[in-house]
Amino acid sequence: MSWTSASIPDLTGRLAVVTGANGGLGLETAKALAAHGARVVMAVRNRIKAEDAVAGLRAANPSADLVLVDLDLGSLASVRSAAEEILAGADRIDILVNNAGVMATAEGRTADGFEQQLGINHLGHWALTAQLMPALLAAPAARVVSVTSTAHLMGRPLDPDNPHLHGCYDPWRAYGQSKLANYHFAIGLQRAFDLAGVRTQSVLAHPGLTNTDLQATAVTSGGGGPVGRFFERLTPRVGMSPARGALPQLRAATDPAAHGGEFYAPRFVNNGPPVRRSFLRPGADTAIAVLWRVSERETGIPMLIR
């Protein structure tokens, strides 16, 4: 039998944090977690869109326990403020879903001067996870879910001397690099948890080809090019709905049978029910070590697990 949102266990008393929860996969993830009893912190950049989303969720589920927190992953100051607000209202976090992201954008820089896709997709989530770590470690067995993409297969590990691709930027190269960073982050984080002897777990997921606004945004940003236009036309025809696309990350976050260091994705690569998948590209020790070093150097925030 396929795993569906009905397979999610009772989450009463659990606290979940979902980034990018105002639309697409993040909204569906927040909706499913709240429907099963979790208190859900929706960390969002677009407050107006998020308030509309919350109104819709509460109309369908009046008992939904939802909290909005402003979060711009392209600003370390915003990440710090969001983390402080979350920690002020919670002594433990049971689930952190690092879902938010951008794809194939035109070259740009975050508020801190990072290449935009690496900055938002990885470095912002690195900073958020590190600052929420005390509350994650305080939970009996918290899970950190990192959301990657099949695009990680075309990504290259970070060049420590040029992680922001100065002088050699390509939108799809940058996207692949950021998604490989998510992939290596999840693997490296589980290794760090194992080394520290804690029960907190790091689980990886990817949604496959899902019909959200990610493809259209890649085109309108000016960075997607012919590949972006191809996927913008293809996705409405063969892509999964956001509710189905969110299932791998929901399974990674909630399935009692899931374990740290595992990878959940659609059965048929980019479509199908969520299943545990083998790592086609195992984590490279050197690449993970470089990712840790660059991430700490760029953000100024160490990943302390103690």
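Each helix and strand in the protein chain was counted, giving 10 helices and eight strands. At 18 Å, the protein chain has a C-alpha radius of gyration in line with the 19 Å of a compact globule built from 306 residues. Each of the three principal axes of the protein chain carries a C-alpha extent, and together these read 50 × 45 × 40 Å. For the protein chain, restricting intrachain contacts to residue pairs at least 6 apart in sequence, the fraction spanning at least 24 positions comes to 76%. Carbon and sulfur atoms make up 52% of the accessible area of the protein chain, which totals about 12,700 Å². When the 28 basic and 25 acidic side-chain charges of the protein chain are each reduced to a single mean position, those positions are 7 Å apart.

All right, on to the packing of helix H5 (residues 171-196) against helix H10 (residues 285-299) then. It is the contact of H5 with H10, at a shortest axis distance of 9 Å, that shows an interaxial angle of 95°. When the axes of H5 and H10 are compared, the pair comes out roughly perpendicular. For the pair H5 and H10, the contacting residues are Ala-181, His-184, Phe-185, Ile-187, Gly-188, Leu-189 and Arg-191 in the first and Asp-285, Ala-287, Ile-288, Leu-291 and Trp-292 in the second. In terms of residue class, the contact of H5 with H10 is made up of eight nonpolar, two polar and two charged.

Below, the discussion takes up unusual backbone geometry. We note that Ala-104 has phi near 50°; this positive angle belongs to a residue other than glycine. Within the fold, Ala-104 resides in the loop between strand S4 (95-98) and helix H4 (116-138). Since its relative accessible area comes to 0%, Ala-104 is described here as buried. With a phi close to 70°, Val-269 is a non-glycine residue in the positive phi region. Relative to the assigned elements, Val-269 resides in the loop between strand S7 (263-266) and strand S8 (274-277).

Looking now at the sheet that holds strand S3 (residues 65-70). Read from one edge of the open sheet, eight strands run S3-S2-S1-S4-S5-S6-S7-S8, paired in mixed fashion. Since the sheet does not close on itself, it has two edges, and those belong to S3 and S8, each with one partner. Direction aside, the axes of adjacent strands within the sheet are offset by 20° on average. Sheet strands in contact with helix H3 (residues 76-88) are strand S1 (15-19), strand S2 (39-44) and S3, and its direction is about 150° off that of S3.

Let's shift gears to the pairing of S4. Of the two faces of S4, the one lined by Ile-95 and Val-97 and the one lined by Leu-96 and Asn-98 are each fully buried. The pairing of S1 with S4 spans three bridges and is parallel. Looking across to S4, one finds that Ala-16 is bridged to Ile-95. Judged from the four bridges that link them, S4 and strand S5 (residues 143-147) form a sheet pairing that is parallel. Note that in S5 the partner of Leu-96 across the bridge is Val-144.

Turning our attention to helix H1 (residues 24-35). Working note: α-helix, 3.6 residues per turn, so residues spaced by three or four point in the same direction. Across its 12 residues, H1 extends 17 Å between first and last C-alpha, which sits within 8% of the 16 Å expected from 1.5 Å per residue. The set of residues buried in H1 consists of Leu-25, Gly-26, Leu-27, Thr-29, Ala-30, Ala-32, Leu-33 and Ala-34.

Counting residues in hydrophobic clusters, the biggest one holds 50 residues, and the most contacted among them are Ile-93, Leu-132, Leu-136, Leu-189, Trp-292 and Met-303. Considering every element that reaches this core, the biggest residue donor is H4, with 11 residues. Excluding anything up to four places from it in sequence, Leu-132 contacts Ala-83, Ile-86, Leu-87, Ile-93 and Leu-96. Core analysis: the second largest hydrophobic core is formed by 36 residues, Leu-11, Ala-21, Leu-25 and Ala-253 among them.

Here H4 is 23 residues long and its end C-alpha atoms lie 32 Å apart, about the 33 Å a rise of 1.5 Å per residue gives. Along its length, H4 shows its largest kink, about 55°, at Leu-132, and proline Pro-134 lies within four residues downstream of that point. Burial analysis of H4 places 19 of its 23 residues in the buried class, the great majority of the element.

By the element assignment, Lys-49 lies in helix H2 (residues 47-60). As for Lys-49 and Leu-76, which are separated by 27 residues in sequence, their C-alpha atoms are 22 Å apart. In this view, Lys-49 contacts Asn-22, Gly-23 and Asp-213; residues no more than four positions away in its chain are not counted.

Parameters at a glance
- Residues numbered from 1 in each chain as written.
- Predicted model: local features only at pLDDT ≥ 70, side-chain atom pairs only at ≥ 80, totals over all residues.
- Heavy atoms only, no water.
- Helix = DSSP H or I, 4+ residues; strand = E, 2+ residues; numbered from the N terminus.
- Rg over C-alpha atoms; globule rule 2.2 N^0.38 Å.
- Contact = heavy atoms within 4.5 Å.
- Areas by Shrake-Rupley, 256 points an atom, 1.4 Å probe, with all protein chains shown as cover.
- Lys, Arg positive; Asp, Glu negative; His and termini not counted.
- Charge placed at Lys NZ, Arg CZ, Asp CG, Glu CD.
- Axes fitted to C-alpha atoms, helices over the stretch in contact; angles between N-to-C directions.
- Parallel < 35°, antiparallel > 145°, perpendicular 65-115°, else oblique.
- Nonpolar A, V, L, I, M, F, W, Y, C, P; charged D, E, K, R; others polar.
- Buried < 20%, exposed > 50% of the residue type's maximum accessible area, 1.4 Å probe, protein only.
- Pairing = 2+ DSSP bridges.
- Expected span 1.5 Å × (residues − 1).
- Core = buried A, V, L, I, M, F, W, Y, C linked by side-chain atoms within 4.5 Å.
- Bend = angle between axes of the 7 residues up to and from the residue.

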